[in-house]
Structure formats: structure tokens, C-alpha cells
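Letter by letter, the chains look like this.
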Amino acid sequence: MPGIVIVGAQWGDEGKGKATDQLSERVDYCVRYSGGNNAGHTVVVNGDKFTMHLLPSGVLNPNSTAVIGNGVVVDLEVLHEELDELAARGLRIPHPLISANAHIITPYHQVMDKVTERFLGKRRIGTTGRGIGPAYSDKINRIGIRIQDLFDESILRQKVEAALERKNQQLVKIYNRREIDAEQVSDMLLSHAERIRPHVVDVARLLNKALDENKVVLFEGAQAHHLDVDFGTYPYVTSSNPIAAGACTGSGVGPSRIDRVIGIAKAYTTRVGEGPFPTELLDETGERLRTEGGEYGVTTGRPRRCGWFDALVVEQAVVVNAMTDIFLTKLDVLTGWEKIPVCVAYEVDGERFDVMPMTQSQLHHATPIYEYLPGWTEDITGVRSFDDLPSNCQAYVKRLEELIGCRISGIGVGAGREQSVMINDLID
């Protein structure tokens, strides 16, 4: 049975939560492998909206075990708030299972995130201020705090003190802020130890054993390909590897375990934060997309930047992630447009690019070249078969397939779990 990775094919907010929730009904494990609570996944079940920031979207399905891998940075307070909220709504989750090697977001990571972003001014990245980048930075600098450190008080206190020796110098001498008390931070972290202890396991062993037993493991990435720290629109990226390869390093399974990579792409394009966005619409058309699509950040509430579908952006993600399928979301939002532009190439200083240009400078200066496809007016939110979609709608989907070089196997036609058109089976 397969190991399946779900990856955002644009700049995030493509609807990975809906796709993961839908597929998790048929999987044994749903694994979050990257990012932190800077990501937000919304799932609508029977009209009820559930929002997760750390928990995998599959946590709502009782037959699927939720797992948080070593590649995730964990804010313990946020994790417990999410579990408490689900319990208050009648959903008692005996899991998630959490990797002992996952790193912890501390209060000083959040402080450093906010002060450094303000310090950058016009050069700011547009972070959520939740401490994600500083936590990953400490991980790479080998001064991070891991989940397993909660169970050895002496080691925990030593590590917190060592990390704050440097950070307090920066806070006081560079940013003119107060020192952070190491003892208070340690006490706060230790207060979570006993509650989290039953959830902590060797995730790599768990998942490899599950795959050996022919169980289905679904790996859910946060953010998206073009926010990947290596392959995204650097420096306007996240601090981890949400690409499909990150599922291996972020959970402890080898690449030969991955059988299918499903890219999630919105029928148009959005992004939050700073960075290049060739098809962005800074007019009433963009505002219409934002309003009709409900394009506001799940985590921050920030209005998303909106634009037309960019085939070069998605095609690049298809290639680097070796995507086998695309799940196209929010197609219903495009209902009612007379013509729908699709970006099929860029013009950069008089030169045409049919794939994404290699350099940051070229992308910043790219002007989209559009192909205009006929729209449709029929309501598609109740459609469940591809053949029942309006002919122009079908043509739109087929043209996107040609442009991105990957089959579209599922289509979202509404926010609800059941509002999908499945063309190909994404599990078998």
C-alpha cells in the first residue's frame, strides 16, 4: 500500500486541508512533516468549520492516526489549545503522536521573530511572527530545544540558558529590548511535559513499520513548493522544506517509500506576505476574487494577494516534486466570469519564458502572457461528476492539464468535504 505526499503547488492556501481530510478517511496515518503554526488548514464537515494550525487535517477522522513528525516545529501551547478546542466540540483525540526529535518553539523565538521583522523595515519577509524562522535557525545552529528535552529537566535548563546567552545580548544591545528570563522559559516548557509525554514516540520506527505492514500513510506538508527554503521564491519563503522530499527528512522514511505525490493547486493563484507574484491583480478584479473566494489567511486573517492561474508556477512544482496528480481546488469561485485569463508564459526584458526563469531578478521583472478561456455561468457546487460540469468548465480543466504536464485527478467545487469531483482514485 502507498506512501502518499500532499504538497501545495503554489504559495500556500491552496486547500490542502480539504484534500487531506477527504483522503484521510481511507488512510491509516496522517503525518504532518514540516512547518509550524504559521500554517492554517480549514476543513468543513457537515457545515461545521474546523481550523488546525499544528494538527494534521486528518485528525478529524477517527480511523486515521495523526502524527507530528520531526520536521515540524511545535508551539506546545498552540498544540494543547487545538486539542482542547476539539474536545470542547465533542471530538476527543487520543493522539496525535509526536516525534521526540521535533523542535519546540519557545517564547524567545516569538520575540526574536517580531523584533527582527520590524528591524528589517521595507526589507521585511512578511512572517507571521510566531517564531517559526528563529526556531528553525536554532535547529540548524544546534542550540534548539527538542520535545525529548522536556523529560530531562537539567538538560532543558542548560539548553535554554545557553540559547538565551546570545539572544539576550542581541535583544538588549541591538534591539533595545529587555532580557528574557531563562528560568521562566524553562518552567513554562516543563509545565507541558507530563501532558505531552503519552504522545511522544519514535515516529520513524512507527511509520516504517506501518508501511511494512501495507498500511496507508498520508504525508501532509504545510505551506507549498514556492515557499520552500531551497526551491521557493527566496528570500520570501518559509524556513523549512514543504516539498515532497521534505516528507522523508521530516518524518524518517526513505524516498523509496513514496508511491504518489499529489499537488494541490487553486484554480487561480494567491499568496500571503511579500515576494514576487507575476499574475497579481491590484484592482477590482483582484478584490472580486478575494471576496468571492474568501481569501483571508487562516492563521493571521490577512487579506491574500490574488491573481489568475499561473501555469508556470504550478508546472515548476510538478517537475521538482515529481507530482503524479493534481487536486484542483476552488473551481467554483471562477463561476460567472465571461473570460478567464491563464498565464501561459512570461515576458522578461523582451524575452519570452515558457517555464519559470532561473533567477530572482528575472522573476521580479516578469510580465504574464495570458491565454483567455471562455467562462461559464452555471452553478457547479452540486456537481459530483466531471461529465456533468459545464463544457467550458471541462475545457478549462483540460487546458490546465496540458499546460502543467500533470493529470488533474480531483476538483474542489465548494468548501464542504463532500463538494468534490473525483476523476481518478488518489489512493489505489
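Here the structure is shown first, and the text comes after it.
A quick note: this is a predicted structure, and the numbers were derived from the prediction, not measured.

Asker: Looking at this model, I keep getting lost on the pairing of strand β15 (residues 325-329). Mind explaining?
Answerer: Two faces, one strand: in a regular strand the side chains alternate between the faces of the sheet. Counting buried positions along β15 gives five out of five residues, so the element sits mostly inside the fold. Both β15 and strand β19 (residues 408-412) contribute to a ladder of three bridges, which runs parallel. What sits directly across from phenylalanine 327, in β19, is glycine 410.

Asker: What am I meant to see in the packing of aromatic side chains here?
Answerer: With the rule as written, the count across this model stands at four aromatic pairs. A centroid spacing of 5.5 Å and a plane angle of 50 degrees characterise the contact between tryptophan 11 and phenylalanine 277, whose relative ring orientation is tilted. Separated by 266 residues along the polypeptide, tryptophan 11 in the loop between β1 (3-8) and α1 (16-24) and phenylalanine 277 in the loop between β12 (269-271) and α10 (284-293) bring together distant segments of the chain. For tryptophan 11, a relative accessible area of 3% translates into the label buried.

Asker: Where do I start with the pattern of salt bridges in this structure?
Answerer: Pairing is possible between side chains that carry opposite charge, provided their charged atoms lie close to one another. Taken as a whole, this structure holds 24 salt bridges when the rule is applied. Residue aspartate 325 is joined to arginine 407 by a salt bridge in which the shortest nitrogen-to-oxygen separation is 2.6 Å. In this pair, aspartate 325 sits in strand β15 while arginine 407 sits in the loop between α13 (391-404) and β19, placing the two residues 82 residues apart along the sequence. A relative accessible area of 36% places arginine 407 in the partly exposed class. The closest approach of N and O atoms between arginine 399 and glutamate 402, which form a salt bridge, is 2.9 Å. One end of the pair is arginine 399 and the other is glutamate 402, both in helix α13 and three residues apart, which spans about a single turn. Beyond isolated ion pairs, a larger network of salt bridges with shared partners links Asp13, Lys266, Glu295, Arg304 and Lys330.

Asker: What is the right way to look at the nonpolar core in this model?
Answerer: Side chains of nonpolar character tend, in soluble globular proteins, to be buried together. Formed by 59 residues in total, the largest nonpolar core has its most connected members in Phe219, Phe309, Leu331, Leu334 and Tyr396. Among the elements that make up this core, the one with the highest residue count is α13 (five residues). Setting aside residues up to four positions removed in sequence, leucine 334 forms contacts with Ala267, Tyr268, Leu289, Trp308, Ile340, Trp376 and Tyr396. If you look at the next biggest cluster of nonpolar residues, it comprises 40 residues, including Leu54, Val74, Ile93 and Ile147.

Asker: What should I look at first to understand the sheet that holds strand β7 (residues 97-99) in this one?
Answerer: Strands pair in a sheet through their backbones, by hydrogen bonds, and they do so in one of two ways: parallel or antiparallel. Within the open sheet, the ten strands sit side by side as β9-β7-β5-β2-β10-β1-β11-β15-β19-β20. Their pairing is mixed. The two strands at the open ends of the sheet, each matched to only one other strand, are β9 (200-201) and β20 (420-422). The sheet contact formed by strand β2 (residues 29-32) and strand β10 (residues 217-220) spans four bridges and is parallel. Note on β10: the bridge partner recorded for valine 31 is phenylalanine 219.

Conventions we followed
Residues numbered from 1 in each chain as written. Predicted model: local features only at pLDDT ≥ 70, side-chain atom pairs only at ≥ 80, totals over all residues. Heavy atoms only, no water. Buried < 20%, exposed > 50% of the residue type's maximum accessible area, 1.4 Å probe, protein only. Helix = DSSP H or I, 4+ residues; strand = E, 2+ residues; numbered from the N terminus. Pairing = 2+ DSSP bridges. Phe/Tyr/Trp six-rings, centres within 6.5 Å; stacked < 30°, edge-to-face > 60°. Salt bridge = Lys/Arg side-chain N within 4 Å of Asp/Glu carboxyl O. Core = buried A, V, L, I, M, F, W, Y, C linked by side-chain atoms within 4.5 Å. Contact = heavy atoms within 4.5 Å.

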